[in-house]
Amino acid sequence: MIIAMKSDATEEQISEVCESIRRYGYTPHLIRGEERVVIGAVGHGDNKDHLQNLRSVAGVADVVPILQPFKLVGRELKPHKTTVRAGDLEIGGPQFIVMAGPCSVETREQLMETADAVKKAGAQVLRGGAYKPRTSPYDFQGLEIEGLKLLAEARERTGLKVVTEVITTEDTEVVAEYSDILQVGARNMQNFALLKRLGKIGRPILLKRGMSSTIKELLLSAEYIASHGNDQVILCERGIRTFETATRNTLDLSAVPLLNELSHLPVIVDPSHGTGKRTLIRPMAKAAVATGADGVIIEVHPRPQEAWSDGPQSLTFPMFDEIMGELRAYVRFESRHL
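First, a word on scope: everything that follows refers to the structure included in this document. The structure displayed is predicted, hence computed values, not measured ones.

1. Here we look at the overall build of the protein chain
So, point 1. When you go through the protein chain residue by residue, the secondary structure sums to eleven helices and 14 strands.
So, point 2. Within the protein chain, buried positions represent 54% of all 338 residues.
So, point 3. Within the protein chain, contacts between residues at least 6 apart in sequence are counted, and of these 68% link residues at least 24 apart.
So, point 4. When the accessible surface of the protein chain is totalled, it reaches about 14,800 Å², and 50% of it is carbon and sulfur.
So, point 5. When the 41 positive and 44 negative side-chain charges of the protein chain are each reduced to one mean point, those points stand 2 Å apart.

What follows is the structure in structure tokens.
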């Protein structure tokens, strides 16, 4: 349920409503707007009729049901866009965010060279995998803690924020210690134990859509994180698996405006995994701007032909420079900035 308070409701009245919500077995979630306070009552309480009776409580304007199954991340409870903060960086505001870097952290030289290059081109966030979930057990699995330390060194060197993937609940704290944004990969989108743990971590979460997941399933995964205390979630469209074999995945760009319609969370696009072909990244990145995305995440490598993973979809430094130059014009057209 959504309990809309009157514009002149006092703090005491708001507190009384919250206490009543708890007494009925629900959890209150306060959202303070410019004109009034809205309180979401979420959970598995015993009797919704008790919530309906809050209409008669002083300071309450109305009580209405939340129709969507994703209560906290949907627009019904919070109609205005959420801005996710990673330090002094805002994601979901007027700035279009570019995250860039190698698929895997391989060596110190490779990472520092890439960090310097993407910083110079205008990226705000360095991406790089320290822990790599791979389809084959014989593929490179990542440098793990050593990779995290290299990412932290690159952040100190360039000032870029760091986003890297967390794979297991056991690794959550150590990844949070070294990174600014924790990424949940497509394979882990419905790892509910991990999502619950991330709800208790004071870091932004980049949640990638599963390769065979619906929009509703993506938003319910985000709801797991939000319902456990962390509303700093960024949604990522990274392509879905279809019958098409000409590309690695099918990049579902229609998901971007639909997610913006259904949810207040920021949305970014991954054209690298979404297509698997470096020649398609430029048009798909520009299309992401036009569909209303808040940013893109792109794989960049100093020597893609030598990359330990995802070489065919990794851009060279000159390619990334060229794309960044073109993106600036598209971003300005959408009244945003890089």
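There's more to say after this.
2. Describing helix H4 (residues 145–158)
So, point 1. Under the 1.5 Å per step criterion, the end-to-end length of H4 is 20 Å for 14 residues, consistent within 8% with the ideal 20 Å.
So, point 2. Taken together, the buried positions of H4 are occupied by Gly147, Leu148, Leu150, Leu151, Ala152, Ala154 and Thr158.
So, point 3. Contact partners of the buried residues in H4: helix H3 (108–121), strand E8 (125–127), strand E9 (161–165) and helix H5 (172–178).

3. A look at the sheet that holds E9
So, point 1. What the eight strands build is a closed barrel, ordered E7-E8-E9-E10-E11-E12-E13-E14; its pairing is parallel. Here the strands of the sheet are splayed against their neighbours by 25° on average, with no regard to which way each runs.
So, point 2. Inspection of the sheet shows strand E7 (residues 97–101) paired to strand E14 (residues 295–299) by five bridges, in the parallel sense. Within the sheet, the bridge partner assigned to isoleucine 97 lies in E14 and is glycine 295.
So, point 3. H4 contacts E8 and E9 of the sheet and is inclined by roughly 160° relative to E9.

4. Observations concerning the pattern of salt bridges
So, point 1. Going through the model one piece at a time under the given rule, you end up with 21 salt bridges.
So, point 2. Among the salt bridges present, the one from lysine 161 reaches aspartate 88, with a minimum N-O distance of 3.2 Å. Here aspartate 88 lies in the loop between strand E5 (84–86) and strand E6 (89–91) and lysine 161 lies in strand E9, a separation of 73 residues in the sequence.
So, point 3. Under the relative-accessibility criterion, aspartate 88 is labelled exposed at 64%.
So, point 4. Here arginine 303 makes a salt bridge to glutamate 306, at a shortest N to O gap of 3.5 Å.
So, point 5. Relative accessible area serves as the criterion here: at 28%, arginine 303 is assigned to the partly exposed category.
So, point 6. Through salt bridges with shared partners, a single ionic network connects Arg282, Lys286, Glu322 and Glu326.

5. Points about the side chain of serine 221
So, point 1. Its place among the elements puts serine 221 in helix H7 (residues 215–227).
So, point 2. Discounting chain neighbours no more than four positions away, the residues touching serine 221 are Met189, Gln190, Phe192, Leu195 and Leu207.

6. Side note on the packing of aromatic side chains
Ring pairs (aromatic) are described by centroid distance and by the angle formed between their planes.
So, point 1. Inspection of every chain in the model, using the stated rule, returns one aromatic pair.
So, point 2. With a centroid separation of 4.5 Å and 25° between ring planes, the pair formed by phenylalanine 192 and tyrosine 224 is classed as stacked. Note that phenylalanine 192 is positioned in helix H6 (residues 192–198) and tyrosine 224 in helix H7, a separation of 32 residues in sequence.
So, point 3. Exposure remark for phenylalanine 192: the relative accessible area of 33% places this residue in the partly exposed category.

The rules behind each value
- Residues numbered from 1 in each chain as written.
- Predicted model: local features only at pLDDT ≥ 70, side-chain atom pairs only at ≥ 80, totals over all residues.
- Heavy atoms only, no water.
- Helix = DSSP H or I, 4+ residues; strand = E, 2+ residues; numbered from the N terminus.
- Buried < 20%, exposed > 50% of the residue type's maximum accessible area, 1.4 Å probe, protein only.
- Contact = heavy atoms within 4.5 Å.
- Areas by Shrake-Rupley, 256 points an atom, 1.4 Å probe, with all protein chains shown as cover.
- Lys, Arg positive; Asp, Glu negative; His and termini not counted.
- Charge placed at Lys NZ, Arg CZ, Asp CG, Glu CD.
- Expected span 1.5 Å × (residues − 1).
- Pairing = 2+ DSSP bridges.
- Axes fitted to C-alpha atoms, helices over the stretch in contact; angles between N-to-C directions.
- Salt bridge = Lys/Arg side-chain N within 4 Å of Asp/Glu carboxyl O.
- Phe/Tyr/Trp six-rings, centres within 6.5 Å; stacked < 30°, edge-to-face > 60°.

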